[in-house]
Amino acid sequence: MTDPKRVAILISGSGSNMVALAESMTGDHPARPVLVLSNDPGAKGLDRARAIGIPVAAVDHRPFGKDRAAFEAALMDRLAEARPDILCLAGFMRVLTPGFTEAWAGRMLNIHPSLLPNYRGLHTHARALEAGDAEAGCTVHEVTAELDGGPILGQARVPVLPDDTADTLAARVLVQEHALYPAVLRRFAAGDRTPVLLP
Ligand code: GRF
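Worth saying up front: this structure is predicted, and the values here are computed from it rather than measured.

A. Region of interest: the site of the ligand. Around the ligand, a shell composed of Ser-14, Gly-15, Ser-16, Asn-17, Gly-91, Ile-111, Pro-113, Leu-174 and Glu-177 is seen. Backbone polar atom of Asn-17 to an oxygen atom of the ligand: 2.8 Å apart, as the coordinates give it. Considering the ligand on its own, with 370 Å² of exposed area, one finds that the protein chains cover 80% of that surface. Judged by the fraction of its atoms near the pocket grid, the ligand is located in the largest pocket.

Quick look at the structure:
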């Protein structure tokens, strides 16, 4: 058997998708987590990663101001130490420059809380409700220079309920994110890019 793929997970916040990914990478899984990296040293997800026993690091974006290239160079340095084969963005709230996305082309995934290509960017659930959509969901895609625009590797659909608010819808979509992202990563790490469709 070939060595498992080395996965670094990039977070900014609570890290619930990171936990779902990390906990899935056991047994005969074709990948294993080698680093959880945050742009926010105070991110709750770093504590959760430590508790699971994954090495953690933070590269605070704030001292870099508007110099995204310098921030990304610092990210790259930290990633180089962990030697990941695959990067998973999991609630990582920094826009990456083409320099970074091209360096990781075909090796970087993201989860986005909408049925792409609908609702790229922020406030996806509020926008879906405002549009009167009958269903919402989430998408895992390859990351390219185009924001939330790379090839789709999986989607999970969630019905919109009559009393939904952006928060209740987000909570139900998040449950599906935790199923979808591990399912896509398992396939992707095994070299299979066939989209995963849930439920
Ligand atoms: C998720 O909804 C993800 O889709 C979005 O940010 C949220 C992150 O949640 N990009 P968590 O940090 O994984 O709990």
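B. The UniProt feature "site: Raises pKa of active site His" (unreviewed entry) in the chain, seen in detail. The sites that UniProt annotates as "site: Raises pKa of active site His" (unreviewed entry) are Asp-148. Not counting the four nearest positions on each side in its chain, Asp-148 is found in contact with Asn-110, His-112, Leu-116, Arg-120, Gly-121 and His-141. Among the polar contacts listed, one links the side chain of Asp-148 to the side chain of His-112, at a separation of 3.5 Å.

Here is what the cut-offs are and how they apply
- Residues numbered from 1 in each chain as written.
- Predicted model: local features only at pLDDT ≥ 70, side-chain atom pairs only at ≥ 80, totals over all residues.
- Heavy atoms only, no water.
- Near = heavy atom within 4 Å.
- Polar contact = N/O pair within 3.5 Å; in protein donor to acceptor, adjacent residues only side chain to side chain.
- Areas by Shrake-Rupley, 256 points an atom, 1.4 Å probe, with all protein chains shown as cover.
- 1 Å grid on protein atoms, 1.4 Å probe; cavity = no way out; pocket = protein on both sides within 12 Å on 5 of 7 lines; lining within 4 Å.
- Sits in = over half its atoms within 2 Å of the grid points.
- UniProt positions renumbered as here; feature names shortened; annotations may be inferred.
- Contact = heavy atoms within 4.5 Å.

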